[in-house]
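Structural characterization, general
Given next are the chains, with one letter for each unit.
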Amino acid sequence: MDGVAGPIVEFRGIVKNYPGTRALDGVSMEITHGSVHGLVGANGAGKSTLGKVLGGATRPDDGRMFVEGRPVKFSGSRDALQHGIARVAQELALVPRLNVMQNVFLGVEPKRRGLVLRRKMRQLYDDLVGEYGFALSPYLEVGRMRLADQQKVEILRAVNRKARLIIMDEPTSSLTKDEVITLHEMIRHLNGKGTTVIYVSHFLDEVLAIADTVTVMRNGQVVRTSKATEETPASLVGGMFGCEAATECFDEKSAVTVETVVLEATDLCREKVVRNVSLAIRSGEIVGLAGLVGSGRSEVARAICGVDAIDGGTIKVDGVEQNFRFPRDAFRAGVAFVPESRKQDGLCMQLSLRENTTLPHLWSGIVSRAGVVQIRSERSKVESLLKSLSVEPPRPELTVESLSGGNQQKVVFGKCLFRQPRVLILDEPTRGVDVDSRANIHRLIQGLARQGVAILLISSDIEEVLGLSHRVLVMRGGEVVREFPADPSMGDVMNACFGLATSERECET
Amino acid sequence: MRDMRPPKTESTAEAVAVPVRSRLSLRRIEARHVRDYGIIAVTAVVFIALSLASSAFFSVGNLFNILYQNAPLAIMACATTLVVVAGNFDLSVGAMYAVAAISAAEMAVRLGPLAGILFGIVVGGFTGLINGLVVTRLRVNAFLATLATSLAFRGFAIAVTNGFLVEVRDPGFTGLGRDKIGPVPVSVIIAVVVILILQFVLSRTVFGRYIYAVGGNPGAASISGVRVSTIVLATFVIGGFAAGLAGVIDASSVASGDAQGGQAFALTAVAAVALGGTSIYGGIGSVWRTCIGVALFALITNGFNLLGVNPYYQDIAKGLLIIFAVALGAMVERREGR
C-alpha cells in the first residue's frame, strides 16, 4: 500500500451537469498520496460536487477518474469505499439510535452463521481506537452525542473500512473552535498514518492551517493548485472570485426616489442563528443580503416572514408594528416570500399551476365568493399572470412537476405576485434556474422595484446581489457585519463575507 | 414483482384507456391514464359482464338493492377521502360508526327518535374531533392514532351496552333506514346528497383546495398561509360526522344499535378510497373516484352472490384489485421520477 509513487487520485476533464447549471466544467487535478488537500471556492463553485463524484455519491456526466493510476467508475459510495475512498459529508450518515461501535461496524460486523460476534467486535473496536487514538466509549448512542463526536464516529467508520482517502465536506461548519482544533489534530494523526485527506471548506484560515496543497475552484473549474504556504486568505479570495468584471449583464438600476421605509426590522433575534439584525427597506429599493452559507441569511428571511418564531425584536410594515406568528400573518400584511427550496416550501408539485398560484390568495376573495372558488375567473387571471411572467408553457392546468426548474420558480413568483405585495423577500431566487429564466427573473425583480415594492434579496450568487441591489448588507455568524452603499466592489463584499479586512484584498474590480 | 407487472399493464392500457393516441407520447401518458381512468373502465366492464351473466342483476330491484346496501359505506368512504387527501389516514370509521349507532339507539329509547338520530350523528362528529386532536395536537401518526382510538371507541361502545343490542322499535327511528320515496330508499337519497356535498366541498371550495395543498406539501401550504393543523382537524371531524350518519342509518334500518357493528368498514372504507385512485400519500384524489371504488366493490359482492360464487373468492378478488390499483399508481409515480 505504501510507497506508491504518483497521485492517489487523478481527475481528468470531469463534467457534471445539474438542471440549469454546470456544476463541474472539465475539472482536471491530482491528489498527492498522503497529503492533506484543501479545496476552496465560493458557494456553487463545484467543490462539494467534486467530493460527491469522488465519493461515489453522484456520477459524472463526462471525464475520467483514476485511483492509483487505474481508471475507476463508481456507481455508489460502496464502490468508492472498495477503492479505499470514503466521504464524510456535512449531513452525517449515521444511524442515530445505534451506539458508536454498532455504527462503526455497520455492514461489516464480525459474524459467524449470521450471528454478530460481540466480543470480537469489541476487541476490533478497541484495536481501532487504540491505533487512531480517539477516546470514544463504544456504547454511547450516536444520536445523543455532540456533532463533533459524531464526526469522529464517521471517521472511525471510514478508517475501519480501510479508507486511504477521506473526503471531508465542510467538516467544521457546525463545530466550536475547540472542536475544530481537535478535528485538526485527528486529521494530522490520520495523515501521519498515511491517510490522504481532502478538506473542503470555506473557512480559509482553517484550510491554510491544515492543508499541504490548496486547489481553488470557480464556476466548476479549477483556477489553480498551489502549496498552502504560498497562499494567503486574501490570495485565495482573489482566486475564488477572479479579478475580471462580472460577465453577466444586468439592466441599469432604477433610482430609489421615495424615502418612505416600507419594511423595518429592529434587533431581530432567534436563538443563536440571528443576532440583533436590523434592517430597513424603502419603497422601490432592493437590499441585497450577502454572506456565506450558514451565516444566518435565510433565517432572517424566515423570521421576517413569520415562518420561524423570533425571540426578540420588532417588525414594522409601513410604520405599523406587526406580530407575525404564522406565515399567513405576514402574507396578509403584504409581505410575500420566495423560499429557498421550492420543492420543500414553495410548491405543491402535484397540483396545477393555477392551484399553486392562487393558494396564498384564496382568503382574500379575489377568486372566491363565499368560500367557493370561482374557477373560471381564477383560470383566466392565472393565465394572464403566467404569460406576463413568461412561464413556459403558460397553461394553468398543468401540474407544476411537469415544468422545468426555471419555470417552476416563476410560478413561485406568481404565487407572490398574484396580488401585488408591499414587501418581497427572495431567498435564492435563481437557484437551479436556467440562464434564460434567470435573466427573466432578474428583470422581473427590477420591474417590481420600479413599481415601489420593497425587496430583500438573499443570494449566494454574488454577481446577482451586486447586479441588482441598491444596498448590500453582509452577514456573518448571525449578525450584519457590514453595509455597503450601491455598487460596492466584489472583492470588498467577499472579504466582508469571509471576515477579512478590506485592505487585504489583492485585486480591484 | 417487476417481472410480473409490465406486460399486463401495457396491454390493458392500450385496450382500455387510450385506444387512439400517437405512439410517441404513448409511453408516458398511457400508464397515467390507466391509473386515472382505468377504474372506470374496469367498473363498466364488470357491470356489463354481470348484466350479461346474470338475468337477475340488471333489474331495478337489484340495482336499488345494491345502492341501499352500500349507502352507509359510500358516505363513510367519501368522507374518508377528505382525510386521505389531506395526507392522513382513518382506520377508526368502523368504531365511530358503532359508537354512533349505539348512542343513537340509547338516546332514541330515552328521548325519542329525532333526538336519537341527531345525537348519534353528533357523537360521530365528536369521535372524529378526538381523532383530529390526537393527530394534530399530540402529533401521533394518523395510522396509529386512529388504530388506537378505534380500539378505545369500540371498547366504550361495548362497555356502555354490556355487549347487548340496543333495540329501538319506534317507526320514527326506523324510518330513516327503511322508508322509501317511490322506489328510492331514503338512505340512498341521503347518501347521494352527502356525496354531492362532499364532492363540491373538495373540488370547488377554498377549504377543499386547502385540503389538497396540505396533503400535497404541508410546508408549502403553511408558507402560503394555510393553517395546516386546522385543515387536518376539520377533515377528521367531517369523517366522524359521516361515520356517525352511516352508523345511525344502519341502526335505524335494523332497528337496533350494535356495539359490534361496522367491523368490516374500517378497512373497506379506506380500501375503496385507495381503489378509486386517491393517493394514500395525500394531495391527489377525489370523492367521485371513491364512489367508483365503492361501486366496484359493491358490484363484485352482489354479482358473485348472484352467480353463486363462494364468498371467499370475493375477498380474493377485492384484495387483488386493490394491489393492482395501488401498484399501478406507484408505477406511474416512479416513471414520472418522483
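Model, not experiment: these values are computed from the prediction. (Residues numbered from 1 in each chain as written. Chains lettered and ligands numbered in written order. Predicted model: local features only at pLDDT ≥ 70, side-chain atom pairs only at ≥ 80, totals over all residues.)

Regarding the overall build of chain B
Within chain B one finds 14 helices and 4 strands. Looking at chain B residue by residue over its 338 residues, the buried ones come to 51%. If you take every contact in chain B between residues at least 6 apart in sequence, the share linking residues at least 24 apart comes to 77%. (Helix = DSSP H or I, 4+ residues; strand = E, 2+ residues; numbered from the N terminus. Buried ≥ 20, exposed ≤ 12 C-beta atoms within 10 Å, placed from the backbone. Contact = placed C-beta atoms within 7 Å.)

Concerning the overall build of chain A
When helices and strands are counted, chain A shows 17 helices and 24 strands. Rg of the C-alpha trace for chain A: 25 Å, near the compact-globule value of 23 Å for 509 residues, within the 12% margin. Overall, chain A is about 70 × 55 × 45 Å in size when its C-alpha atoms are taken along their principal axes. Expressed as a percentage of its 509 residues, the buried residues of chain A come to 47%. (Rg over C-alpha atoms; globule rule 2.2 N^0.38 Å.)

With respect to the domain arrangement of chain B
All names here are of chain B. Domain boundaries assigned for chain B yield domain 1 (1-53 + 308-338) and domain 2 (66-293). Across the contact, 10 residues belong to domain 1 and 8 residues belong to domain 2. Listed by contribution, the elements that provide at least two residues to the side of domain 1 that touches domain 2 are helix 2 (23-53) and helix 14 (311-335). Within the side of domain 1 that touches domain 2, the residues separate by chemical class into 6 nonpolar, 2 polar and 2 charged. (Domains from an automatic or database assignment. Nonpolar A, V, L, I, M, F, W, Y, C, P; charged D, E, K, R; others polar.)

A word on the packing of helix 4 (residues 93-111) of chain B against helix 6 (residues 142-161) of chain B
For any two helices packed against each other, one specifies the inter-axial angle together with the distance between the axes. Residue and element names in this part refer to chain B. Where helix 4 meets helix 6, the closest approach of the two axes is 8 Å, and the angle between their N-to-C directions is 25°. The pairing of helix 4 with helix 6 is recorded here as roughly parallel in orientation. Note on packing geometry: the crossing formed by helix 4 with helix 6 is left-handed. When helix 4 is examined against helix 6, the residues G94, A95, M96, A98, V99 and I102 are found in contact with a partner set consisting of S150, F153, R154, F156, A157, V160 and T161. The residue makeup of the contact of helix 4 with helix 6, split by class, is 9 nonpolar, 3 polar and 1 charged. (Axes fitted to C-alpha atoms, helices over the stretch in contact; angles between N-to-C directions. Parallel < 35°, antiparallel > 145°, perpendicular 65-115°, else oblique. Left-handed = near helix turned anticlockwise from the far one by under 90°.)

Observations concerning the interface of chain A and chain B
The interface is formed by 24 residues belonging to chain A together with 19 residues belonging to chain B. For the side of chain A that touches chain B, the secondary-structure elements that each account for two or more residues are helix 10 (327-332), helix 11 (342-346) and strand 20 (372-373) of chain A. For the side of chain A that touches chain B, the class distribution of residues is 15 nonpolar, 5 polar and 4 charged.

Some thoughts on the domain arrangement of chain A
All names here are of chain A. Taken domain by domain, chain A consists of domain 1 (7-241) and domain 2 (261-350 + 420-504). A C-alpha centroid distance of 33 Å is found between domain 1 and domain 2. With 14 residues of domain 1 in contact, the opposing surface of domain 2 contributes 16 residues. With 4 residues, helix 8 (residues 233-241) is the largest single contributor of residues to the side of domain 1 that touches domain 2. The residue inventory of the side of domain 1 that touches domain 2, partitioned by class, reads 8 nonpolar, 6 polar and no charged.

Side note on the sheet that holds strand 15 (residues 286-291) of chain A
Residues and elements named next belong to chain A. Taken in spatial order, the 6 strands line up as 18-21-22-15-23-24 in an open sheet, and their pairing is mixed. Taken across any chain shown, the strands that pair with only one partner, and hence form the sheet edges, are strand 18 (335-338) and strand 24 (479-484). Ignoring strand direction, the axes of neighbouring strands in this sheet form an average angle of 20°. Note that strand 18 and strand 21 (residues 423-427) share 4 bridges and pair parallel. Of the residues in strand 21, the one forming a bridge with V338 is L426. Along the sheet face, helix 15 (residues 435-450) touches strand 15, strand 21 and strand 22 (454-458) and points at about 150° away from the line of strand 22. (Pairing = 2+ DSSP bridges.)

Remarks on the sheet that holds strand 13 (residues 261-270) of chain A
All names here are of chain A. Pairing is antiparallel in the open sheet, where 4 strands are placed in the order 14-13-16-17. Of all strands in the sheet, those bounded by a partner on one side alone are strand 14 (274-282) and strand 17 (320-322). Sheet twist, expressed as the average angle between the axes of neighbouring strands with direction ignored, equals 20°. In this structure, strand 13 lies alongside strand 16 (residues 312-317), joined through 5 bridges in antiparallel fashion. Across the sheet, residue L263 finds its bridge partner in strand 16, namely V317. Together, strand 13, strand 14 and strand 16 form the strand contacts of helix 9 (residues 297-304), whose direction differs from that of strand 13 by roughly 115°.

Thoughts on helix 15 of chain A
All names here are of chain A. Compared with an ideal rise of 1.5 Å per residue, which puts 16 residues at 22 Å, helix 15 spans 23 Å between its outermost C-alpha atoms and is within 8% of the ideal. Those residues of helix 15 that fall on the buried side of the exposure criterion are S437, R438, N440, I441, I445, L448 and A449. Looking at the buried side of helix 15, the elements it contacts are strand 15, helix 14 (405-417), strand 21, strand 22 and helix 16 (462-468). Residue G452 follows helix 15 closely and has a positive phi angle near 100°. (Expected span 1.5 Å × (residues − 1).)

Things to note about the pairing of strand 16 of chain A
Residue and element names in this part refer to chain A. By the bridge criterion, 3 bridges tie strand 16 to strand 17 in an arrangement that is antiparallel. Residue pairing across strands places V317 opposite V320, the latter belonging to strand 17. In sequence, strand 16 turns back onto strand 17 through a hairpin of 2 residues, with D318 there showing a positive phi of about 50°.

Brief notes about the pairing of strand 9 (residues 165-169) of chain A
All names here are of chain A. Among the 5 residues of strand 9, 5 are classified as buried, and the element is accordingly described as predominantly covered. The alternating pattern of strand 9 places L165, I167 and D169 and I166 and M168 on opposite faces, both of which are buried. Relative to strand 9, strand 6 (residues 85-88) is paired through 4 bridges, and the arrangement is parallel. Counted as the bridge partner of R87 is I167 from strand 9. Strand direction decides the pairing type here: strand 9 and strand 10 (residues 196-200), joined by 5 bridges, are parallel.

Details of the nonpolar core
Among the nonpolar cores identified, the biggest contains 236 residues, and A:I166, A:I425, A:I455, B:I75, B:M76 and B:Y97 are the most heavily contacted of them. At 15 residues, helix 11 (residues 228-254) of chain B tops the list of elements feeding residues into this core. Not counting chain neighbours up to four residues away, the residues in contact with A:I455 comprise A:I286, A:L424, A:L426, A:I445, A:L448 and A:A449. (Core = buried A, V, L, I, M, F, W, Y, C linked by C-beta atoms within 7 Å.)

Observations regarding the packing of helix 4 of chain B against helix 5 (residues 113-136) of chain B
All names here are of chain B. Relative to each other, helix 4 and helix 5 sit at 150°, their axes nearing to 7 Å. Classified by the angle their axes make, helix 4 and helix 5 are roughly antiparallel. For helix 4 against helix 5, the interelement crossing comes out right-handed. In this structure, helix 4 uses M96, V99, A100, A101, S103, A104, A105, M107, A108 and L111 to contact helix 5, whose residues at the interface are P113, A115, G116, I117, F119, G120, I121, V123, G124, T127 and G128. The class makeup of the residues in the contact of helix 4 with helix 5 is 15 nonpolar, 6 polar and no charged.

Let's talk about unusual backbone geometry
Residue and element names in this part refer to chain A. With an omega dihedral of -5°, the bond running from E392 to P393 counts as a cis peptide bond. Locating P393 in the fold gives a position in the loop between helix 13 (375-388) and helix 14. Even without being a glycine, R113 presents a positive backbone phi close to 50°. By the element assignment, R113 lies in the loop between strand 7 (111-112) and strand 8 (115-116). Its identity as a non-glycine residue notwithstanding, S390 has a phi of 50°, on the positive side.

Concerning the environment of A:S173
Residue and element names in this part refer to chain A. With respect to the secondary-structure elements, S173 resides in the loop between strand 9 and helix 6 (177-192). Residue S173 is classed as partly exposed on the basis of its C-beta count, with 14 C-beta atoms lying within 10 Å. On a C-alpha basis, the gap between S173 and V382 in space is 42 Å, while along the polypeptide they are 209 residues apart.

Examining the confidence of the model for chain A
The pLDDT averaged across chain A works out to 87; a share of 95% of its residues lies at or above 70. In this model, residues 503-509 of chain A is a region of pLDDT below 50 whose contacts with residues beyond four sequence positions or in other chains number 19 contacts. (pLDDT = per-residue confidence, 0-100.)

Considering helix 5 (residues 147-160) of chain A
All names here are of chain A. For helix 5, which comprises 14 residues, the first-to-last C-alpha distance of 20 Å matches the rise-based estimate of 20 Å (1.5 Å per residue) to within 8%. Within the sequence span of helix 5, burial applies to Q151, K152, V153, E154, I155, L156, R157, A158 and N160. Contacts from the buried residues of helix 5 go to strand 6, helix 3 (100-104), helix 4 (118-132), strand 9 and helix 6. Just downstream of helix 5 lies K162, where phi reads positive at about 65°.

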